[in-house]
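Residue-level listing of the chains:
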Amino acid sequence: MPRLSEVIAALENLWPAERAESWDAVGTVVGEPGQDVTRVLFAVDPVQEIVDEAVKLGADLLVTHHPLYLRGTTTVAASTFKGRVVHTLIKHDIALHVAHTNADTADPGVSDALAGALDLRVVRPLVPDPGDPDGRRGLGRICELDHPLTVRELAARAAERLPATAQGIRVAGDPDATVRTVAVSGGSGDSLFDHVRAAGVDAFLTADLRHHPASEARAHDTHSAHSAQDAHSAHGAHQPLALLDAAHWATEWPWCELAAAQLDEISDRHGWGLRVHVSKTVTDPWTSQFPSPGAPN
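Residues numbered from 1 in each chain as written. Predicted model: local features only at pLDDT ≥ 70, side-chain atom pairs only at ≥ 80, totals over all residues. Heavy atoms only, no water.

(A) View of the environment of Glu 49. Assignment of secondary structure puts Glu 49 in helix α2 (residues 48–57). The class for Glu 49 is partly exposed, based on a relative accessible area of 49%. Measuring from C-alpha to C-alpha, the distance between Glu 49 and Ala 183 comes to 32 Å, with 134 residues separating the pair along the chain. Those residues in contact with Glu 49 that lie beyond four places of it in its chain are Thr 281, Val 282 and Thr 283. (Helix = DSSP H or I, 4+ residues; strand = E, 2+ residues; numbered from the N terminus. Buried < 20%, exposed > 50% of the residue type's maximum accessible area, 1.4 Å probe, protein only. Contact = heavy atoms within 4.5 Å.)

As structure tokens, then:
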């Protein structure tokens, strides 16, 4: 069986820490390098519920997408909820490793897994990594559908294929508009609207879309459509961008399955015999949703 240091080296090869954003906190948070690893659990959030699941599973290593401490702290006292996580991990000899923005831009990465869950064909990164000469790494992905769908049909596919959450899928745009190309970005994506518009896609599927960026994007795109119609564009009338807003956790959970499969392959190649698991525990913070009477559906 491998040592933790060997498994971490393999994970760092998949998601090098130096490719994380400068503000991010990735890498090993808890763990003794020399400890043996036989069982690994992947999850999105390093919250107590997931740590308790790792304890019950008998995991030696927990790999999460979100950091435990994104900013500095002065205490790991068990009276704080993050401190309790640290205490539980150490008490049960469970290591914690984080792959966040370095997994977002990896090839394959978080958005590849999201595209795969929706049966979308990845064409290229939405925001290419200038350090990748092959042009495969980067933030988000531009995708094509095998055959055109309406916005309604694409939203229904996302609602069916992504893990169930209280939010489901919110849509901005004409539900009967035709979609042939889609930009996807796992996690919060409303900082990417300029790149989405430049890509000229029909729809953008991401999470955490805030009111003002979404409203401005819709207004900008509707104005562009009207301008194209008025100018009798040679390419025909521009279709306004449709927005599909899913739960943050749901858009990133498919990466856990992708990452687990990658570690499984490494384990087989090295003869490690690791038992790799993916948590199906829903850690999306929203628990219920009540539609407004008479609201559009």
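(B) A look at the packing of α2 against helix α3 (residues 81–91). Here α2 crosses α3 at 10°, and the two axes come no closer than 10 Å. By the criterion of interaxial angle, the relationship of α2 to α3 is roughly parallel. Residue-level contacts link Gln 48, Val 51, Asp 52 and Val 55 of α2 to Phe 81, Arg 84, Val 85, Thr 88 and Leu 89 of α3. Split into classes, the residues belonging to the contact of α2 with α3 amount to 5 nonpolar, 2 polar and 2 charged. (Axes fitted to C-alpha atoms, helices over the stretch in contact; angles between N-to-C directions. Parallel < 35°, antiparallel > 145°, perpendicular 65-115°, else oblique. Nonpolar A, V, L, I, M, F, W, Y, C, P; charged D, E, K, R; others polar.)

(C) Region of the structure containing α2. The set of residues buried in α2 consists of Gln 48, Ile 50, Val 51 and Ala 54. Burial along α2 is one-sided: seen end-on, the buried residues are contained in an arc of 160°. Those residues of α2 that are buried are in contact with β2 (39–43), β3 (61–64) and α3. Of the residues one or two after α2, Gly 58 is the one with positive phi, at around 80°. (Arc of directions from axis to C-beta.)

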